Amino acid sequence: MATHIQEQQSVVRGNVPKSIARRSSRSRLVRFSFLVPVIIYLLIFFGYPLYYSISVSLEKYTLQTEYTGNAPFIGLSNYIAVLQDATTGGAALHTLIFTVGSIVPQFVIGLALAVFFTKKFPLSRFLRSLMLLPWLLPLVVSGTVWRWLFDQTNGIIDQTLAGLHLIPAHFGWLTTPGYALATIIVTNIWIGIPFNMVLLYSGLQGIPGELYEAASIDSATQWQRFWYVTLPLLRPVIGVVLMLGLIYTLKVFDIVYVMTGGGPANTTQIFATWSYNLSFAQQLFGQGSALGNVILVISLVVALFYVRANRQQDA
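About the thresholds
- Residues numbered from 1 in each chain as written.
- Predicted model: local features only at pLDDT ≥ 70, side-chain atom pairs only at ≥ 80, totals over all residues.
- Heavy atoms only, no water.
- Helix = DSSP H or I, 4+ residues; strand = E, 2+ residues; numbered from the N terminus.
- Rg over C-alpha atoms; globule rule 2.2 N^0.38 Å.
- Buried < 20%, exposed > 50% of the residue type's maximum accessible area, 1.4 Å probe, protein only.
- Contact = heavy atoms within 4.5 Å.
- Areas by Shrake-Rupley, 256 points an atom, 1.4 Å probe, with all protein chains shown as cover.
- Lys, Arg positive; Asp, Glu negative; His and termini not counted.
- Charge placed at Lys NZ, Arg CZ, Asp CG, Glu CD.
- Phe/Tyr/Trp six-rings, centres within 6.5 Å; stacked < 30°, edge-to-face > 60°.
- Axes fitted to C-alpha atoms, helices over the stretch in contact; angles between N-to-C directions.
- Parallel < 35°, antiparallel > 145°, perpendicular 65-115°, else oblique.
- Left-handed = near helix turned anticlockwise from the far one by under 90°.
- Nonpolar A, V, L, I, M, F, W, Y, C, P; charged D, E, K, R; others polar.
- Arc of directions from axis to C-beta.
- Core = buried A, V, L, I, M, F, W, Y, C linked by side-chain atoms within 4.5 Å.
- Patch = residues over 30% accessible without salt bridge, like charges linked within 9 Å, V, L, I, M, F, W, Y side chains within 5 Å.
- Salt bridge = Lys/Arg side-chain N within 4 Å of Asp/Glu carboxyl O.

## Digging into the overall build of the protein chain
Part 1 of the reasoning: On a plain count of helices and strands, the protein chain comes out with 15 helices and zero strands.
Part 2 of the reasoning: The C-alpha atoms of the protein chain give 27 Å as radius of gyration, which overshoots the globular expectation for 315 residues (20 Å, by more than 25%).
Part 3 of the reasoning: Dimensions of the protein chain, computed from C-alpha atoms along their principal axes, come out at roughly 95 × 75 × 30 Å.
Part 4 of the reasoning: Each of the 315 residues in the protein chain was classed as buried or not, and the buried ones make up 35%.
Part 5 of the reasoning: Residue pairs in contact within the protein chain that sit at least 24 positions apart in sequence constitute 64% of those at least 6 positions apart.
Part 6 of the reasoning: Surface exposure of the protein chain reaches about 19,400 Å², of which carbon and sulfur atoms provide 68%.
Part 7 of the reasoning: Side-chain charges of the protein chain comprise 18 positive and 11 negative groups, with the mean position of each set lying 17 Å from the other.

So this is what it looks like as structure tokens:
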């Protein structure tokens, strides 16, 4: 007891005993030891691939480099070559159309379904679970299924619409410029709706029911309750949904590659497929890595804007 009192008096006078200093250092060391596995994991699986991608984008890295190990440093030449390529400009436009055309319907339909499932009715849980199916399927599987559905020879969508005389028989959805990109957007909307629904539904569950009761007492209509109660309180979740949706859509590769491969005539070429084409079809690994890094920077900018907006709201 006396020793404890003496240690407290020493701390008050500014003289920290060695025993307390050792315990404090040991405590910091223990806390840091729990972070070591995470740091090692990030360095191996994120840090090194990022370093390697940046390194390749600054070199003249070709297939021959794999045998010789010689990759001359060329600075930003790969970035300049990619940005000056006409196909990159088209890919940027297609990526923008694909991203906006996917995110907006995904969010609107996902929010509508989330609100719908807040109502209690028979089979609600079963139907909500069933809605997760598009999200749980691998993207390659989803792309393959939708390619069959839109097949101009035996596709059920083509046959149904042709039977209703809405389109010509054997219409090539995936081989007609303009329609091919729209078809991929429809597929991506179908895949992304469950993701939006699940997150928005979770956000709706966190809104206190008393607020709706108070709004009803004030004679607020259902639309007014949604506009003035639901949306403001759901804003943080909406921000997360839109940010993640934007990042995920920017890097979509599987469904585009499976359904069209970027064709016809590059009309469905987006950043992800064009980066793959540069790297593995044309064997311009430096330019492919450069375009991949551009996608990464765009995603990072989106994330930083989201963090800054959140900080301003908290302030």
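## A word on the packing of aromatic side chains
Part 1 of the reasoning: In this structure the tally under the stated criterion is 23 aromatic pairs.
Part 2 of the reasoning: With centroids separated by 6.2 Å and ring planes inclined at 80 degrees, the aromatic side chains of Phe280 and Phe285 adopt a geometry described as edge-to-face.
Part 3 of the reasoning: Take Phe280: its relative accessible area is 56%, and that puts it in the exposed class.
Part 4 of the reasoning: The rings of Tyr61, Phe253, Tyr257, Tyr276, Phe280 and Phe285 are connected pair by pair, giving a single aromatic cluster.

## So, the packing of helix α5 (residues 86-117) against helix α12 (residues 222-250)
Part 1 of the reasoning: It is the contact of α5 with α12, at a shortest axis distance of 10 Å, that shows an interaxial angle of 140 degrees. Here α5 is positioned oblique relative to α12, judged by the angle of their axes. When you trace α5 past α12, the crossing you get is right-handed. Packed against α5, whose contacting residues are Thr95, Phe98, Thr99, Ser102, Ile103, Phe107, Leu111 and Val115, the element α12 presents Phe226, Leu231, Leu234, Ile238, Val241, Leu242, Gly245, Leu246, Thr249 and Leu250 at the interface.
Part 2 of the reasoning: Grouping the amino acids of the contact of α5 with α12 by side-chain chemistry returns 13 nonpolar, five polar and no charged.

## Regarding the environment of Val252
Part 1 of the reasoning: Along the chain, Val252 falls in the loop between α12 and α13 (254-259).
Part 2 of the reasoning: C-alpha separation for the pair Val252 and Gly239, spaced 13 residues apart in sequence, amounts to 20 Å.

## Observations concerning helix α4 (residues 77-84)
It helps to recall that an α-helix has 3.6 residues per turn; residues three or four apart then point in one direction.
Part 1 of the reasoning: All of the buried residues in α4 are Asn78, Tyr79 and Val82. Burial along α4 is one-sided: seen end-on, the buried residues are contained in an arc of 100 degrees.

## Some words on the nonpolar core
Part 1 of the reasoning: By size, the foremost hydrophobic cluster in this structure holds 34 residues, and its most contacted members are Phe98, Leu111, Leu200 and Ile255.
Part 2 of the reasoning: Of all the secondary-structure elements, those providing two or more residues to this core are α5, α10 (179-205), α12 and α13.
Part 3 of the reasoning: Ignoring sequence-local partners within four residues, the contact set of Leu111 consists of Leu200, Phe226, Leu231 and Leu234.
Part 4 of the reasoning: Within the second largest apolar cluster, nine residues are counted, among which are Tyr79, Ala91, Leu278 and Ala290.

## As for helix α8 (residues 139-149)
Part 1 of the reasoning: Ser142, Gly143, Thr144 and Trp146 are the residues of α8 that are buried.
Part 2 of the reasoning: Where the residues of α8 are buried, they touch α7 (133-136), α9 (156-163), α10 and α13.

## With respect to the packing of α8 against α10
Part 1 of the reasoning: The geometry of α8 relative to α10 is characterised by a closest axis approach of 11 Å and an angle of 135 degrees between their N-to-C directions. The angle between the axes of α8 and α10 places the two elements in the oblique class. Every pair of crossing elements has a handedness; the one defined by α8 and α10 is right-handed. Mapping the contact onto sequence places Leu139, Ser142 and Trp146 in α8 and Val186, Thr187, Trp190 and Ile191 in α10.

## A short note on the environment of Ile270
Part 1 of the reasoning: Of note, Ile270 is situated in the loop between α13 and α14 (271-281).
Part 2 of the reasoning: In contact with Ile270, other than residues within four places in its own chain, are Ala91, His94, Thr95, Phe98, Val252 and Val256.

## A word on a nonpolar patch on the surface
Part 1 of the reasoning: On the surface, Phe32, Leu35, Val36, Val38, Ile39, Ile40, Tyr41, Leu42, Leu43, Ile44, Phe45 and Phe46 cluster together into a nonpolar patch covering about 1,200 Å² of accessible area.
Part 2 of the reasoning: By secondary structure assignment, the location of Val36 is in helix α2 (residues 18-57).

## Points about the environment of Tyr248
Part 1 of the reasoning: Within the secondary structure, Tyr248 sits in helix α12.
Part 2 of the reasoning: Take Tyr248: its relative accessible area is 40%, and that puts it in the partly exposed class.

## What about the side chain of Ser53?
Part 1 of the reasoning: Assignment of secondary structure puts Ser53 in helix α2.
Part 2 of the reasoning: If sequence neighbours within four positions are ignored, Ser53 has contacts with Ser289 and Asn293.

## Thoughts on the side chain of Thr249
Part 1 of the reasoning: Within the element layout of this structure, Thr249 appears in helix α12.
Part 2 of the reasoning: Not counting residues within four places of it along the chain, the set of residues in contact with Thr249 comprises Phe98, Thr99, Ser102, Ile103 and Asn188.

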